[in-house]
Amino acid sequence: MGKLDGKVAVVTGGSSGMALASAKRFVEEGAYVFITGRRQETLDEAVKSIGRNVTGVRGDAANLADLDRLFDTVKRETGKIDVLYASAGTGEAVPLGEITEQHFDATFGLNTRGTLFTVQKALPLLSDGASIFMTGSVASLKGFPGYSVYAASKAALHAFARGWLNELKARNIRVNVLHPGPIATPMQDQVLTEEAKRMFESLIPRGTMGRPEEIAAAALFLASDDSSFVNGLELSVDGGFSAI
Ligand SMILES: NC(=O)c1ccc[n+]([C@@H]2O[C@H](COP(=O)([O-])OP(=O)(O)OC[C@H]3O[C@@H](n4cnc5c(N)ncnc54)[C@H](OP(=O)(O)O)[C@@H]3O)[C@@H](O)[C@H]2O)c1
């Protein structure tokens, strides 16, 4: 018996990295998953790699019309959501003094505004007892030069979680935030130099980055009834990075 038998999960940004690893794990545990991403080809490859019980819906999680299309598809195909994993996010290093309106708007537009509307638009489809969790970042718990806008955009998610879990208590819907530490994913290759990667690794007790599968294990915990009494948590999965 799987931990997610009969459940329907929606995973935004699920065509790569840790959200893809999580979507795979959810299917192995019995769920049907919907994954999203903007690039059709990457999405198609992800659907193929998951192999069964998956629908890919192309779309930008910062775009409200795309979110409507996503949830229309979910409504038509399964009619409910038991697990909502809002993971689509973006972040690049821009130090104070060089922050532009474009950088602020793009970062908050996806990480904060996009996450908010992902959850709000999912509400009519969420089952009683559903689990919502959002991808934050340990960057929001520490003060890394260059990452203040990214950190602030992710820090807002915990404030969202606290308010929403209270507003949704009559439906027994839990809301948590999963903070990955430095994880070796395609995104990292885009935003970090090799030097920056070594610097982050030097701050992790075991000396190596996390793997997407290590985040997937925590995502499964938050998605399943194993976390039935876990609500409003900021769960750092970072090998101790934020503790030292
Ligand atoms: N890697 C880390 O060290 C780390 C640490 C802490 C937090 N995070 C957070 O973890 C999340 C996932 O990161 P990752 O490293 O696993 O990234 P990744 O491997 O690059 O995967 C990100 C996925 O999200 C999709 N995506 C990006 N922008 C999107 C948008 N606007 N709408 C819908 N999908 C979008 C991408 O596909 P398309 O490009 O085709 O849209 C891709 O499938 C992000 O929220 C990130 O901020 C990462």
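Residues numbered from 1 in each chain as written. Predicted model: local features only at pLDDT ≥ 70, side-chain atom pairs only at ≥ 80, totals over all residues. Heavy atoms only, no water.

An unreviewed UniProt entry lists the chain under the name NAD(P)-dependent dehydrogenase (Short-subunit alcohol dehydrogenase family), with Bradyrhizobium huanghuaihaiense as the source organism.

Q: Could you give an account of empty space enclosed by the protein, naming the residues involved and the relevant values?
A: If you walk through the whole model with that rule in mind, you get one cavity of 30 Å³ or more. Lining the largest cavity are T36, V57, R58, G59, D60, A61, D66, L67 and L70. If you list the elements that add at least two residues to the lining of the largest cavity, you get β3 (54-58) and α3 (64-77). By residue number, the principal contributor to the lining of the largest cavity is α3, which donates three residues. (1 Å grid on protein atoms, 1.4 Å probe; cavity = no way out; pocket = protein on both sides within 12 Å on 5 of 7 lines; lining within 4 Å. Points joined across faces, edges and corners; volume = space filled by probe spheres on them. Helix = DSSP H or I, 4+ residues; strand = E, 2+ residues; numbered from the N terminus.)

Q: Before we move on, could you go through the site of the ligand and cite the residues and values that matter?
A: As a matter of local geometry, the ligand sits amid 28 residues, with S15, R38, R39, Y150 and T185 nearest to it. Contact with the protein chains hides 94% of the accessible area of the ligand, taken as 890 Å² for the molecule alone. Placement of the ligand is best described as lying within the largest pocket. Within the residue set of the shell around the ligand, elements represented by two or more residues are α1 (17-28), α5 (148-167) and α6 (186-191). It is α6 that provides the largest number of residues to the shell around the ligand, a total of three residues. Within the shell around the ligand, the residues separate by chemical class into 10 nonpolar, 14 polar and four charged. (Near = heavy atom within 4 Å. Areas by Shrake-Rupley, 256 points an atom, 1.4 Å probe, with all protein chains shown as cover. Sits in = over half its atoms within 2 Å of the grid points. Nonpolar A, V, L, I, M, F, W, Y, C, P; charged D, E, K, R; others polar.)

Q: Quick one: what's the story with the nonpolar core, residue by residue and with numbers?
A: Across soluble globular proteins, nonpolar side chains have a tendency to be buried as a group. Ranked by internal contacts, the top residues of the largest apolar core, which has 30 residues, are F26, V33, I35, I50, Y85, F133 and L178. For this core, the secondary-structure elements that each account for two or more residues are β1 (8-12), α1, β2 (32-37), α2 (40-50), β4 (81-86), α8 (212-223) and β7 (234-237). Setting aside its immediate chain neighbours within four residues, L178 contacts Y85, F133, M134, T135, G136, I215, A218, A219, L222, L235 and V237. Residues V8, M134, W164 and V175 belong to the second largest nonpolar core, which totals 27 residues. (Core = buried A, V, L, I, M, F, W, Y, C linked by side-chain atoms within 4.5 Å. Buried < 20%, exposed > 50% of the residue type's maximum accessible area, 1.4 Å probe, protein only. Contact = heavy atoms within 4.5 Å.)

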